[in-house]
Amino acid sequence: MSSTYTEPRTTVTGERADFLQMLAKHRGFLKFTVQNLTDEQANQRTTVSELTLGGLIKHVAVTERGWVNFILGGAAGMFSEPVDWEAQFSMREGETLAGLLEQYEEIARRTDELVATVDLDESHPLPEAPWFEPGAAWSNRRVLMHIIAETSQHSGHADIIRESLDGSKTMG
């Protein structure tokens, strides 16, 4: 994918505009929680959880990429790129917060471009997993709602971690 973003040729209105606005809002909350942090702070555990701010940015990006791949290619597409399940929750040697944010921005651009044109009613069978109902399928619309929910949920986690780190809050 090109690193240069160009506006989609389609005017985005209605439901698609709502998706884009909600994605932008919750991505913004998540990114706000890591403002002005060093890489060391972004990789610091501040609660009993293993989660770190950098790890959450990485996880949300990897998850969004996986679901977009699902929209494009079904269950096989979701797993078309390797995922290191353990490494996605923390920053590994050589990773920087700036690099993770850049990767997240690229993934977000790809998602936003897709929202403008994808058939929202098209659906794919979910992959087999204990957390999915056997034989269930999700529409692209439902996948986008799931990406928003996932981003929002982890934004809340990030807010708690950041407040534990230095008292900063996203809201309030």
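This text follows the structure it describes.
To start, this report covers the structure provided alongside it. (Residues numbered from 1 in each chain as written. Predicted model: local features only at pLDDT ≥ 70, side-chain atom pairs only at ≥ 80, totals over all residues. Heavy atoms only, no water.)

1. As for the overall build of the protein
As a reminder of what qualifies: Secondary structure follows DSSP: runs of H or I at least 4 residues long count as helices, runs of E at least 2 residues long count as strands, and numbering of each begins at the N terminus. Two things to know: the radius of gyration comes from C-alpha atoms, and the globule rule equals 2.2 Å times the number of residues to the power 0.38. Note on classification: 1.4 Å probe, protein chains only; a residue is buried when its accessible area is under 20% of the maximum for its type, exposed when over 50%, partly exposed between these limits. Should any heavy atoms of two residues lie within 4.5 Å, those residues are considered in contact. Surface exposure here means Shrake-Rupley accessible area, sampled with a 1.4 Å probe, where a residue is shielded only by the protein chains that are shown. We count Lys and Arg on the positive side and Asp and Glu on the negative side, and we leave His and both chain ends out. The atom standing in for a charge is NZ when the residue is Lys, CZ when it is Arg, CG when it is Asp and CD when it is Glu.
Scanning the protein for helices and strands turns up 5 helices and 2 strands. Secondary structure elements of the protein, listed N to C terminal, follow the sequence α-α-α-α-β-β-α. For 172 residues, the compact-globule formula gives about 16 Å, and the C-alpha radius of gyration of the protein, at 16 Å, lands near that figure. Dimensions along the principal axes, computed over C-alpha positions, put the protein at roughly 45 × 40 × 30 Å. A burial count over the protein gives 42% of its 172 residues as buried. Partitioning the contacts of the protein with sequence separation of at least 6, the portion at a separation of at least 24 is 75%. When the accessible surface of the protein is totalled, it reaches about 9,500 Å², and 51% of it is carbon and sulfur. Taken together, the 15 basic and 26 acidic charged side chains of the protein have centroids lying 3 Å from each other.

2. Comments concerning helix 5 (residues 140-166)
Let me state the cut-off plainly: By definition here, a helix of n residues has an expected span of 1.5 Å times n minus one.
Look at helix 5: 39 Å from first C-alpha to last across 27 residues, which is about the 39 Å you get at 1.5 Å a residue. Gly-167 sits one or two positions beyond helix 5 and adopts a positive phi of about 85°.

3. Digging into unusual backbone geometry
Phi is positive for Asn-36, which is not a glycine, with a value near 60°. Positionally, Asn-36 belongs in the loop between helix 1 (14-32) and helix 2 (39-42).

4. Some thoughts on the pattern of salt bridges
Stated formally: Only one rule defines a salt bridge in this text: a Lys or Arg side-chain nitrogen within 4 Å of an Asp or Glu carboxyl oxygen.
The tally for this structure, following the rule as stated, stands at 10 salt bridges. Where Glu-81 meets Arg-65, a salt bridge forms, and the shortest distance between an N and an O atom there is 3.2 Å. Of the two residues, Glu-81 sits in the loop between helix 3 (53-78) and helix 4 (97-115) while Arg-65 sits in helix 3, which places them 16 residues apart along the sequence. Owing to a relative accessible area of 29%, Glu-81 belongs among the partly exposed residues under this scheme. A single network of salt bridges, built from pairs that share partners, joins Glu-15, Asp-121 and Arg-141.

5. A few points about the packing of helix 3 against helix 5
Our working rule: Between N-to-C directions, angles cover 0 to 180 degrees, with each direction set by a line fitted to C-alpha atoms, over the stretch in contact for helices. Relative orientations are named as follows: roughly parallel for angles under 35 degrees, roughly antiparallel for angles over 145 degrees, roughly perpendicular for angles from 65 to 115 degrees, and oblique for any other angle.
At a minimum axis separation of 10 Å, helix 3 and helix 5 run at an interaxial angle of 175°. With respect to helix 5, the element helix 3 is oriented roughly antiparallel.

6. A closer look at the nonpolar core
For the record, the criterion: Among buried residues, the Ala, Val, Leu, Ile, Met, Phe, Trp, Tyr and Cys ones that are joined through side-chain atoms within 4.5 Å form a nonpolar core.
If you look at the biggest cluster of nonpolar residues, it comprises 21 residues, and the most contacted ones within it are Trp-67, Phe-70, Leu-126, Trp-138, Val-143, Leu-144 and Ile-147. The set of elements that each furnish at least two residues to this core consists of helix 1, helix 3, helix 4 and helix 5. Every residue in contact with Phe-70, bar those within four places of it in the chain, is listed here: Ala-75, Gly-77, Met-78, His-124, Pro-125, Leu-126, Pro-127, Trp-138 and Val-143. Core analysis: the next-biggest nonpolar cluster, separate from the first, contains 18 residues, Leu-30, Ala-42, Ile-107 and Ala-158 among them.

7. Describing the packing of helix 1 against helix 4
The condition is simple: In this classification, Asp, Glu, Lys and Arg are treated as charged, Ala, Val, Leu, Ile, Met, Phe, Trp, Tyr, Cys and Pro as nonpolar, and every other residue, Gly included, as polar.
Closest axis-to-axis distance for the helix 1/helix 4 pair is 10 Å, and the angle between their directions is 170°. By the angle between their directions, the pair helix 1 and helix 4 is classed as roughly antiparallel. Contact residues: helix 1 offers Arg-16, Phe-19, Leu-20, Leu-23, Arg-27, Leu-30 and Lys-31, while helix 4 offers Leu-101, Tyr-104, Glu-105, Ala-108, Thr-111, Asp-112 and Val-115. Residue classes in the contact of helix 1 with helix 4 are distributed as 8 nonpolar, 1 polar and 5 charged.

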